[in-house]
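A structural walkthrough
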Amino acid sequence: MLRFQRFYASGWSKTAISAKTSANTYNDLIVTKSHNKFKLFPKYKLKCGLEIHTQLNTDKKLFSLSTNDPFQSINKPNNHVSYFDSALPGTQPVLNTQVILYALKLAYALKSDINHESTFDRKHYFYGDQPLGYQITQHYSPFAKNGCMVLRRTIDGINEEEHKINIIQLQIEQDTGKSNYLEQQSYNDDIQSLSLIDLNRSNVPLIEMVTAPEFTDLKQIRSFIKKYQNLIRHLKISTGDLETGAMRVDVNISINNYPRIELKNLPNTSSIINAIQYEYSRQVNIIENGDAFTELASSETRGWNGMQTVKLRSKETIIDYRYLPDSELPVLRLDPLIMDDLSKIIPELPDEILEKLMNEPYNLALKDAKILTTNSNGHDEMYTHEQLLTYYLATFDKYREMLLQKNNKKKVDYKLPTNWILHDFLGNLNKLQLKLEDCNFTSTKFAEFLTLIHNESLSKKSGKLLLFYCMENNLKDPNFQKLIKDFDLSPISEIDEAELDSLCKTILSEVDDAELVKNIVSGKRKNGLKFLVGQGMRLSQGRIKPQLFENTFKRILNVKW
Ligand SMILES: Nc1ncnc2c1ncn2[C@@H]1O[C@H](COP(=O)(O)OP(=O)(O)OP(=O)(O)O)[C@@H](O)[C@H]1O
Ligand SMILES: [Mg+2]
Ligand SMILES: [Mg+2]
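Predicted, not measured: the structure shown is a model, and the values here were computed from it. (Residues numbered from 1 in each chain as written. Chains lettered and ligands numbered in written order. Predicted model: local features only at pLDDT ≥ 70, side-chain atom pairs only at ≥ 80, totals over all residues.)

Details of the overall build of the protein chain
When helices and strands are counted, the protein chain shows 18 helices and 16 strands. In terms of its C-alpha atoms, the protein chain occupies a principal-axis envelope of roughly 95 × 60 × 60 Å. For the protein chain, long-range pairs separated by at least 24 residues make up 69% of all intrachain contacts whose partners lie at least 6 apart in sequence. (Helix = DSSP H or I, 4+ residues; strand = E, 2+ residues; numbered from the N terminus. Contact = placed C-beta atoms within 7 Å.)

What follows is the structure, given as structure tokens:
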């Protein structure tokens, strides 16, 4: 152990591999926060399995009628606590069936086999924030088994074409309370250590999801966590926030068949990734030094202090939880046909929606499709992704319908709804702090607006002004034709040739760059012409077509190419 202190005590920037290691090979393992050189070595195969605890956002707690509200009440400790949550003698657990519905949704989405007869067990240990003296969990017969999640290169950005992660099981269990440690000065000036217990979180429902140890690199781990988080938010069973602890990820990591090391207390994605990098480097270092026989002989649990993984407990001190079936909770029996009913209420899953959006007729790019399918936690957002997706699909359909009805000869540009909704419209919502649900610019109006752009009755630039004006004033059913007329936004298609000539000549004299003109005429700097056209677009506020400017400049300058 002393040896590790020598290697690691001075922190990240000096985390060096032993002198025995040949230069430029394992030295690459040095992980610094500033330049992240982390690299996996083929000789040292990484094997990882995840345990993810998810707090379910049901109305009530798992076995009592207290409100399930562990975050809003952060300044009001012990505000949502029933007699059962505080383990008063004589109280008994009553199962909250909403938890079962949420667990079924997750099990279904993860393609798991539901256990039609699962049971609850007691996991015994003593801690101040666990007043029952045990945690009710599902040890012997968990809720669901044998699920999977498939990661794909095209949508998840992993290195392989496809990588399947098997999910060993899903189990329902109780969360514990929270301990807050304080130090305060007592009357005789001694420092007193206090441990304050808040039971608001006690008995909040959790699902523990356990994957098989099938992750072999960091990209897979990162994309799995993101995908799982998006899924639980999409199913509306959890806020999925790592920062609040609504989703907690424990990582098990081993190299070349050495025993697994479990990493706990990782508060966010960067801690998870940094801790894995550190731990991999630490274990490789031990193997390289030939100390693995003693140092990696048994599994242990380690924490993360922001710089290093630190030992919490080893196998020798492993707790005997004395698991026992809970005598107060009967077997949870589910109807054999429950999955048929469930399939009717499960929404389309994110991957299915992504696939739909990336194909005909939408043909969205992955990054745009993700904007429409990635569920944020919903705080401080001007829209939920569900609302945005519905708005996009409705606008798209109406726009297409309008163009087809008008028997439009011009090829339908299906990119228009995406560009205008995902960029301009969302930008305006944010700028104006206007919630989508309060916005009066309906999808039908948007479709009408898009046909104006499509038919070139409105230039892009004028379109932006018009859209912003309508949204800023939150107009109900704006009359576009009238607004275009009032604000003089219609494109100038029939401009007098002499007028255009004089406009172009003014631009040339203002630019006043003989070298530029010479290079344009000779063809040496063809792009220079685009610059001049740009000046024209700016002056005319986009209302005169660029082609007209280009032709006029070419004629005036006598450009032959
Ligand atoms: N050789 C290994 N290398 C890396 N991970 C492993 C290895 N063997 C098992 N694992 C992972 O260890 C985890 C074991 O989780 P499980 O909940 O079954 O047990 P536990 O960690 O002992 O229990 P607890 O829930 O009390 O932490 C799984 O994610 C599994 O994939
Ligand atoms: Mg574990
Ligand atoms: Mg576990």
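Quick word on the pairing of strand E6 (residues 144-152)
Of the pairings in the sheet, the one linking strand E2 (residues 113-114) to E6 comprises two bridges and is antiparallel in character. Counted as the bridge partner of Asp 113 is Lys 145 from E6. Summarising the sheet, E6 and strand E7 (residues 162-174) pair through eight bridges and their orientation is antiparallel. Residue Leu 151 lies in a different strand from E7, and its bridge partner there is His 163. (Pairing = 2+ DSSP bridges.)

Examining the packing of helix H17 (residues 527-539) against helix H18 (residues 546-557)
At their nearest, the axes of H17 and H18 sit 9 Å apart, and the two run at 125 degrees to each other. Classified by the angle their axes make, H17 and H18 are oblique. Note that H17 runs across H18; the crossing there is right-handed. Here Leu 529, Leu 532, Val 533, Gly 536 and Met 537 of H17 lie close against H18, whose contacting residues are Pro 546, Phe 549, Glu 550 and Phe 553. Classifying every residue of the contact of H17 with H18 gives seven nonpolar, one polar and one charged. (Axes fitted to C-alpha atoms, helices over the stretch in contact; angles between N-to-C directions. Parallel < 35°, antiparallel > 145°, perpendicular 65-115°, else oblique. Left-handed = near helix turned anticlockwise from the far one by under 90°. Nonpolar A, V, L, I, M, F, W, Y, C, P; charged D, E, K, R; others polar.)

Considering the site of ligand 1
Around ligand 1, 14 residues are found, and the nearest of them are Gly 49, Pro 213, Asn 252, Ser 254 and Arg 260. Among the secondary structure elements, those contributing two or more residues to the shell around ligand 1 are strand E1 (46-55), strand E10 (205-211) and strand E11 (247-255). Broken down by element, the shell around ligand 1 gets its largest block of residues, five residues, from E1. Here the residues of the shell around ligand 1 sort into six nonpolar, four polar and four charged. (Near = placed C-beta within 6 Å.)

Quick look at helix H8 (residues 350-357)
At 3.6 residues per turn, the α-helix brings residues three or four places apart onto the same side. Within H8, the full set of buried residues consists of Pro 350, Leu 354 and Leu 357. With its buried residues spanning 70 degrees around the axis, H8 presents them on a single face. Contacts made by the buried residues of H8 are with helix H3 (153-156), helix H4 (218-234) and helix H9 (366-373). (Buried ≥ 20, exposed ≤ 12 C-beta atoms within 10 Å, placed from the backbone. Arc of directions from axis to C-beta.)

Remarks on the sheet that holds strand E4 (residues 121-124)
Here we have three strands laid out as an open sheet, ordered E5-E4-E15, and antiparallel in their pairing. The open sheet has two edge strands, strand E5 (134-137) and strand E15 (324-325), and neither has a second partner. As defined by bridge partners, E4 adjoins E15 across two bridges and the pair is classed as antiparallel. Of the residues in E15, the one forming a bridge with Arg 122 is Leu 324.

Quick word on the pairing of strand E8 (residues 178-185)
Counting buried residues in E8 gives zero out of eight residues, a small share hidden from the surface. Alignment of E8 against strand E9 (residues 191-198), held across eight bridges, turns out to be antiparallel. If you follow Gln 185 over to E9, its bridge partner there is Ile 191. Linking two consecutive strands that pair antiparallel, namely E8 and E9, is a turn of five residues; a positive phi of about 70 degrees is found at Asp 189 within it.

A word on the domain arrangement of the protein chain
You can read the domains of the protein chain as domain 1 (45-176 + 203-269 + 300-325), domain 2 (350-486) and domain 3 (497-557). Computed over C-alpha atoms only, the centres of domain 1 and domain 2 are separated by 39 Å. On the side of domain 2, seven residues touch domain 1, which itself brings eight residues to the contact. Classifying every residue of the side of domain 1 that touches domain 2 by side-chain character gives two nonpolar, four polar and two charged. (Domains from an automatic or database assignment.)

Describing the confidence of the model for the protein chain
Confidence along the protein chain averages 87 in pLDDT terms, with 91% of residues attaining 70 or more. Taken as a whole, residues 1-35 scores under 50 in pLDDT and shows 44 contacts with residues more than four places along the chain or in a different chain. As a predicted assembly, this complex carries a pTM of 0.82 together with an ipTM value of 0.99. (pLDDT = per-residue confidence, 0-100.)

Overview of unusual backbone geometry
That bond from Glu 360 to Pro 361 is cis: its omega, -5 degrees, falls within 30 degrees of zero. As for its placement among the helices and strands, Pro 361 is situated in the loop between H8 and H9. Its identity as a non-glycine residue notwithstanding, Asn 256 has a phi of 45 degrees, on the positive side. Mapped onto the elements, Asn 256 comes out in the loop between E11 and strand E12 (261-263). The backbone of Asp 477 shows a phi angle near 50 degrees, a positive value even though the residue is not glycine. Tracing the backbone through its elements, the reader meets Asp 477 in the loop between helix H13 (460-472) and helix H14 (480-486).

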